[in-house]
Amino acid sequence: MPWVSRKLLASVSGLRFHSVIAGTKAVVLRPYQESCLEACVDALKKGSTRIGVSLPTGSGKTTVFISLLSRLLPPAHAPEATRSLVIVNSVELAQQTADQARRLFPEWTVEVEQGKHHASGVADLTVATFQTLLRSQRLDKFRAEYMKALIVDEAHHAAAPSYRRILSRFDPDIKSEDTDIESPVLNHRIPILGFSATFSRHDGLALGSVFERIVYHRGFLEMIKEQWLCNVRFTTVRANIDLSGVTVNARSGEFNPTSLAHVVNTDVVNELVVRTWLDKAVDRKSTLVFCVNLAHVAKLTAAFRAAGVDARYVHANTPAAERKALMESFRAGKFPVLINCAVLTEGADIPNIDCVIVARPTRSRNVFAQMIGRGMRLSPGTGKQDCRIIDFVDSQECVSGVISSPTLFGLDPSVLIDDETIESLEQRMAALEEGDAAEEKPGSSVRIPEPKSVTYIDHDDPFVLADQASGDPSLRNLSRNAWVCCGDGIYVLECLGKGYIRVMPSEEANDEGQYQAHYTPPTLPKGTAFILKISPFRKSKKILSAATLVEAIQGCDTFAQNKIVPGNVGLGLLRTAKWRWEPATAAQKQFILKRWKARKVLAAPDGHGKVLPASDEGLRTLRRGEAANIITRVKHGAQARHEKRQKELAKAALAAEKEVRRRAREDVKVGLLSAAQ
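None of the values given here were measured: they were computed from a predicted structure.

1. Examining the overall build of the chain
Point 1. Broken down by element type, the chain carries 21 helices and 23 strands.
Point 2. Looking at the chain as a whole, 51% of its 677 residues are labelled buried.
Point 3. Put simply, 70% of the contacts in the chain that link residues at least 6 apart link residues at least 24 apart.
Point 4. Accessible surface computed for the chain: about 33000 Å², of which carbon and sulfur atoms make up 53%.

This is the structure we're talking about:
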């Protein structure tokens, strides 16, 4: 690539273990950190200039990207490009990054651009918050022609419009929604390097609009196994919460905080959180708790204090000086519990945390990993041996997609765990997989050939002709008469112009049976009703209650034969009555076509065969009995119920597909990123 000079990169030969030289003291990088740097260097050599790195919390991302900057030299055709810019998303991260750079490379000039801190714009390394850089007068001092590299920490935010507005000033291929921003004209490409513990977004914004590829990924589970992160003990508690009524953000798929707080922030649940901590983690020195919102923070803090626990809290509105003092005290172990809301999810470097309580359910694997990752840093100096993770699950188990400790290992979310390690959870998962494999022993079952096609019959559709358009194939086993199903457990027998009998599930609390039946006499002609001065609509009357559908149908058949159509006339009710096999009348076809709208009908009575459009040709072979059943079902609401059900199914399918896409966005893999990712 002409944009990337070979002299852009410092030689990395012989630096396998001692890759960073800070003054006279060698900084030893971990093997995976070296592998990460090699992957970045290799990608830059091959011409990629916008690359991403996925490393878990506690893996030393800051050390990695500062070390990477030390290896980059100005391009030969742009020797003036000697400066670097690191973009972070919080005050704490800005100060932590600057301090780490000064420790590693004391010979560098390192400055901070944030709030009251004004950088000169000419330092070797400047660390800036993106909020500050959104002000054009603060961003203008960082001239693109003098930049050798740009780092984006917590890079999963980089696809946001605010970030793209900044990054578009350094790379013409990154587009901003602001039309007033001019793309830079440079004689060299500036490497833009993104680092994150969760290199994906759950809100659908495409990271591929900023980064070309992910060049390195490492998950926290393998880091724990290799003992680069501390051991973890998991405890999951079933709480008295019902998440089924909690609203979900249509874009991100995450619970809406206000709605979630109504369920989680209760005295009962808060008391459970405190009791669990007292039972499982009272011996822990530094516990970090994650809440839903500020009200939840306040109530849960009060609950801990009521139990005699020195719990303190921090949130976005905590003054900077107070927050700094609070964090320093927590790092020093001066109090045992720190409660927060969306402040310490990212960038909090507090190695002594030895317990994390997730008191707020989430549907984002990324958010869950960020929260529990706060406690996974090694801290041998404080005597930390492991970190206990405590999370709370829905007692109703009726909401899909909720992330918990069991789901991280592929276990069912209803599985409760206590004091489990990664090894024990993986053993449980392996045992389940072995059990599934044992059920499928070779030769234990007859091989069934794969079907070439599958035909489904939607009996709820009133225009499907299967089983004489009865709507329920099982009716032939219950009665000889031409009953039809109208959906929602409603069954109707049309009584040859003498009214109809309707069976439906009982809605009365004191009803003796599960089903009840009503008979409705036929409607009077309007002229007759006018002469008699009565309503043409006749009042229905209850004829029976029954414990089962079979008893209800049989009882109604007896009532029809004795009271409505006695004698030989009642033979017309039979499914096999001669008139039912005659061609449908013109009036029947006209009614069906009117209600059919743009529907299709299966021509063959068994539900299979050629599909014809709604037309006279499509109804040419329709019989009177089939037409009568369709008309009865339509008049009794079958069409409306079917269409409502189809809309619900379509909505559910769309939601399921959206959930699959949302989860897929949280999977991080090394390779190219598309504009849709």
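2. Concerning the pattern of salt bridges
Point 1. The full count for this structure, using the stated rule, is 30 salt bridges.
Point 2. Across the pair Glu 113 and Lys 141 runs a salt bridge whose closest N-O atoms are separated by 3.2 Å. Placement of the pair is Glu 113 in strand S5 (residues 110–113) and Lys 141 in the loop between helix H5 (136–139) and strand S7 (147–153), with a sequence separation of 28 residues.
Point 3. Lys 141 sits in the partly exposed class, given a relative accessible area of 22%.
Point 4. For Asp 267, the salt bridge goes to Lys 299, with nearest N and O atoms at 3.2 Å.

3. A few points about a nonpolar patch on the surface
Point 1. A surface patch of nonpolar side chains, about 490 Å² in accessible area, is lined by Phe 530, Ile 531, Leu 532 and Ile 534.
Point 2. Position of Phe 530 relative to the elements: it lies in helix H17 (residues 526–532).

4. Considerations on the sheet that holds strand S18 (residues 500–505)
Point 1. Taken in spatial order, the 5 strands line up as S16-S17-S18-S19-S20 in an open sheet, and their pairing is antiparallel. A single partner strand is all that each edge strand has here, and the edge strands are strand S16 (484–485) and strand S20 (541–546).
Point 2. In this sheet, S20 lies alongside strand S19 (residues 515–520) in antiparallel orientation, the contact comprising 5 bridges. In the strand pairing of S20, Ala 517 is matched with Leu 544.
Point 3. Contacting strand S17 (491–494), S18, S19 and S20, helix H18 (residues 549–564) crosses the sheet at an angle of about 140° to S20.

5. Focus: the packing of aromatic side chains
Point 1. Tallied over the entire structure, the rule returns 7 aromatic pairs.
Point 2. Here Arg 83 stacks its cationic end above the ring of Tyr 146, 4.4 Å away from the centre of that ring.
Point 3. Here the basic side chain of Lys 635 rests over the ring of Phe 591, its NZ or CZ set 5.9 Å away from the ring centre.

6. A closer look at the packing of helix H1 (residues 31–45) against helix H2 (residues 61–71)
Point 1. Two elements in contact, H1 and H2, have axes separated by 10 Å at closest approach and are oriented at 45°. It follows that H1 is oblique to H2 by the angle criterion. Regarding H1 and H2, the two cross each other, and that crossing is right-handed. The residues of H2 that touch H1, namely those facing Gln 33, Glu 34, Cys 36, Leu 37, Cys 40 and Val 41, are Val 64, Ser 67, Leu 68 and Arg 71.
Point 2. The residue makeup of the contact of H1 with H2, split by class, is 6 nonpolar, 2 polar and 2 charged.

7. A few points about the sheet that holds strand S11 (residues 287–290)
Point 1. Pairing within the open sheet is parallel, and its 6 strands lie in the order S10-S15-S14-S11-S13-S12. Every other strand in the sheet has two partners, leaving strand S10 (231–239) and strand S12 (311–314) as the edge strands with one partner each. Neighbour-to-neighbour, the strand axes of the sheet open up by a mean angle of 20°, direction not taken into account.
Point 2. Pairing geometry for S11 and strand S14 (residues 355–358), over 4 bridges, is parallel. Paired with Leu 288 across the bridge in S14 is Val 356.
Point 3. Strands S11, S12, strand S13 (337–340) and S14 of the sheet are contacted by helix H10 (residues 294–306), whose axis makes an angle of about 165° with S12.

8. Focus on the nonpolar core
Point 1. Core analysis: the largest hydrophobic core is formed by 75 residues, its most contacted members being Phe 220 and Leu 338.
Point 2. Residue contributions to this core peak at 8 residues, all from H1.
Point 3. Once you skip the residues sitting within four places of it in the chain, Phe 220 turns out to touch Pro 56, Leu 229, Ala 369, Ile 372, Met 376 and Leu 408.
Point 4. Judged by nonpolar contacts, the second largest core, of 33 residues, contains Ala 261, Cys 291, Phe 304 and Ala 311.

9. Concerning helix H3 (residues 91–104)
Point 1. Taking 1.5 Å as the rise per residue, H3 with 14 residues should run 20 Å; its terminal C-alpha atoms sit 20 Å apart, in good agreement.
Point 2. When H3 is considered as a whole, its buried residues turn out to be Leu 93, Ala 94, Thr 97, Ala 98, Gln 100, Ala 101 and Leu 104. With its buried residues spanning 165° around the axis, H3 presents them on a single face.

10. A short note on the confidence of the model for the chain
Point 1. Taken as a whole, the chain shows an average pLDDT of 83; of its residues, 84% reach a score of 70 or greater.
Point 2. Here residues 1–24 scores under 50 on pLDDT; set against residues more than four positions off or in separate chains, the count is 63 contacts.
Point 3. For the stretch residues 600–614, pLDDT sits under 50, and the model shows 36 contacts to residues farther than four places along the chain or on other chains.

11. Some points on the state of the cysteines
Point 1. Under the criterion given, the structure shown has 0 disulfides.
Point 2. Sulfur of Cys 495: no disulfide; nearest cysteine sulfur belongs to Cys 556 and is 9.1 Å away.
Point 3. By relative accessible area, Cys 495 is classed as buried at 0%.

12. Structural notes on the packing of helix H19 (residues 586–596) against helix H20 (residues 624–635)
Point 1. Between H19 and H20, the least distance of the axes is 10 Å, while the angle of their chain directions is 45°. Our classification of the angle between H19 and H20 gives oblique. Seen from above, H19 lies across H20 with left-handed handedness. Within the contact between the two elements, H19 uses Gln 588, Phe 591, Ile 592 and Arg 595 and H20 uses Arg 624, Ala 627, Ala 628, Ile 630, Ile 631, Val 634 and Lys 635.
Point 2. Residue classes in the contact of H19 with H20 are distributed as 7 nonpolar, 1 polar and 3 charged.

13. Let's talk about H10
In an α-helix, one turn spans 3.6 residues; hence positions three or four apart end up facing the same way.
Point 1. Spanning 13 residues, H10 covers 18 Å between terminal C-alpha atoms, matching the ideal 18 Å at 1.5 Å per step.
Point 2. Looking at H10, one finds that the buried residues are His 296, Val 297, Leu 300, Thr 301, Ala 303 and Phe 304. Burial along H10 is one-sided: seen end-on, the buried residues are contained in an arc of 160°.
Point 3. Its buried side turned inward, H10 meets helix H8 (257–264), helix H9 (267–280), S11, S12, S13 and S14.
Point 4. One or two positions beyond H10, positive phi appears at Gly 308, with a value near 85°.

14. Re the pairing of S19
Point 1. A large share of S19 lies buried, amounting to 6 of its 6 residues.
Point 2. Of the strand pairs in this sheet, S18 and S19 are connected by 6 bridges, and their pairing is antiparallel. Note that in S19 the partner of Met 504 across the bridge is Gln 516.

15. Let's talk about the side chain of Arg 360
Point 1. By the element assignment, Arg 360 lies in the loop between S14 and helix H12 (365–373).
Point 2. Here Arg 360 falls in the buried class, since its relative accessible area comes to 15%.
Point 3. In this structure, Arg 360 is in contact with Glu 254, Leu 260, Phe 290, Cys 291, Val 292 and Met 371, ignoring residues within four places of it in sequence.

The rules behind these values
Residues numbered from 1 in each chain as written. Predicted model: local features only at pLDDT ≥ 70, side-chain atom pairs only at ≥ 80, totals over all residues. Heavy atoms only, no water. Helix = DSSP H or I, 4+ residues; strand = E, 2+ residues; numbered from the N terminus. Buried < 20%, exposed > 50% of the residue type's maximum accessible area, 1.4 Å probe, protein only. Contact = heavy atoms within 4.5 Å. Areas by Shrake-Rupley, 256 points an atom, 1.4 Å probe, with all protein chains shown as cover. Salt bridge = Lys/Arg side-chain N within 4 Å of Asp/Glu carboxyl O. Patch = residues over 30% accessible without salt bridge, like charges linked within 9 Å, V, L, I, M, F, W, Y side chains within 5 Å. Pairing = 2+ DSSP bridges. Axes fitted to C-alpha atoms, helices over the stretch in contact; angles between N-to-C directions. Phe/Tyr/Trp six-rings, centres within 6.5 Å; stacked < 30°, edge-to-face > 60°. Lys NZ or Arg CZ within 6 Å of the ring centre and 35° of its normal. Parallel < 35°, antiparallel > 145°, perpendicular 65-115°, else oblique. Left-handed = near helix turned anticlockwise from the far one by under 90°. Nonpolar A, V, L, I, M, F, W, Y, C, P; charged D, E, K, R; others polar. Core = buried A, V, L, I, M, F, W, Y, C linked by side-chain atoms within 4.5 Å. Expected span 1.5 Å × (residues − 1). Arc of directions from axis to C-beta. pLDDT = per-residue confidence, 0-100. Disulfide = S-S within 2.5 Å.

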